[in-house]
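One-letter residues, chain by chain:
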Amino acid sequence: MKSIHFFDAQFQQQIAKGEFALNPFEQAVLPHLSGGVLDLGCGLGNLAIAAARLGCAVTALDASRTGVDRVNEAANKLGLGLAAYQADLSHYAIDGDYDSIVAIGLLMFFPQDKARAMLADIIAHTKPGGVAAVNVLIEGTTFMGMFEPGHYYLFDDNELTKEFEGWEILYSQHDKFSAPENSVKKFHTLVAKKPA
Ligand SMILES: C[S@@+](CC[C@H](N)C(=O)[O-])C[C@H]1O[C@@H](n2cnc3c(N)ncnc32)[C@H](O)[C@@H]1O
């Protein structure tokens, strides 16, 4: 799958350079996490590791072997309550309920039906009083370099907000970043608390 190769190669370069800083989305999400955390599409695991350092019990999943190995090595070295597993999340159903479920930069790599099904699964498996943190690329994004043709979904501007209707919105931000060849990436990041 193109997206998985794209990120695996990127992660190898980041590991070689020692680049492990939280990205802006992860920085925004971290203060809202607590308890049992499920991090879907954890990448290099910078957020998962930071949450575990704060005392969360983290399960982290990603398709990238490079990402998952790095997370587990760091967790073992630091003695953290964190386990990462390699999984193709386009064929995955969440098992169990969590205090916090995170999906930063993941759902857009699935076809529309799978992206929406996983969002519904996140909503269903967040415990009452728990938190879901979701970041997606939205319509208006013109950078297509990481997508498999026909195997991606750009959410509409307000889709996340509508899906989390009735939840307390803790954080909501739209961002636009320049990308190669005069293209752009547009994101919506939403952190919401499920009614207790
Ligand atoms: C934009 S990166 C985000 C990584 C991390 N959440 C972060 O904020 O840095 C997207 C991640 O989704 C993962 N991914 C893409 N398609 C996937 C799939 N089908 N199953 C599991 N992970 C996938 C990639 O390996 C990559 O780690």
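Residues numbered from 1 in each chain as written. Predicted model: local features only at pLDDT ≥ 70, side-chain atom pairs only at ≥ 80, totals over all residues. Heavy atoms only, no water.

Considerations on the environment of Met146
Relative to the elements of secondary structure, Met146 occurs in the loop between strand S5 (126-137) and helix H6 (159-163). Under the relative-accessibility criterion, Met146 is labelled buried at 5%. Remark: the alpha-carbon pair of Met146 and Lys2, spanning 144 residues in sequence, is separated by 6.6 Å. With residues up to four places along the chain from it excluded, the contact list for Met146 reads Lys2, Ser3, Phe6, Phe7, Phe109 and Leu137. (Helix = DSSP H or I, 4+ residues; strand = E, 2+ residues; numbered from the N terminus. Buried < 20%, exposed > 50% of the residue type's maximum accessible area, 1.4 Å probe, protein only. Contact = heavy atoms within 4.5 Å.)

Description of unusual backbone geometry
You will see that Glu181, though not glycine, has its phi angle at about 55°, which is positive. Secondary-structure assignment places Glu181 in the loop between strand S6 (168-179) and strand S7 (183-193). When its relative accessible area of 80% is taken as the criterion, Glu181 is described as exposed. For Asn182, which is not a glycine, the phi torsion comes out positive at approximately 60°. Looking at the element boundaries, Asn182 is found in the loop between S6 and S7.

Considerations on the pairing of strand S3 (residues 82-86)
For strand S2 (residues 57-62) and S3, the ladder comprises five bridges, and the chain directions are parallel. Bridging across to S3, Leu61 finds its partner in Tyr85. In this fold, S2 hands off to helix H4 (residues 65-78), which returns the chain to S3; that crossover is right-handed. (Pairing = 2+ DSSP bridges. Right-handed = clockwise from strand over helix to strand, strands pointing away.)

Side note on the pattern of salt bridges
Under the defined criterion, the tally for this structure stands at four salt bridges. With a shortest N-O distance of 3.9 Å, Lys127 and Asp99 are connected by a salt bridge. Note that Lys127 is positioned in strand S5 and Asp99 in strand S4 (residues 98-104), a separation of 28 residues in sequence. The closest approach of N and O atoms between Glu159 and Arg116, which form a salt bridge, is 3.0 Å. Within this pair, whereas Glu159 is found in helix H6, its partner Arg116 is found in helix H5 (residues 112-125), the two being separated by 43 residues in sequence. When its relative accessible area of 5% is taken as the criterion, Glu159 is described as buried. (Salt bridge = Lys/Arg side-chain N within 4 Å of Asp/Glu carboxyl O.)

What to know about helix H1 (residues 2-17)
Helix length check: H1, at 16 residues, gives a terminal C-alpha distance of 23 Å against a target of 22 Å (1.5 Å per residue), a fit within 8%. Among the residues of H1, those classed as buried are Ser3, Asp8, Phe11 and Gln14. Angular distribution of buried residues about the axis of H1 spans 125°; they occupy a single face of the element. Looking at H1, the residues exposed on the side facing more than 90 degrees away from the buried face are His5, Gln13, Ala16 and Lys17. In this fold, the buried residues of H1 make contact with H4. Immediately beyond the C-terminal end of H1, within one or two residues, lies Gly18, with a positive phi of roughly 70°. (Expected span 1.5 Å × (residues − 1). Arc of directions from axis to C-beta.)

These values are about where atoms sit, not about what they do.
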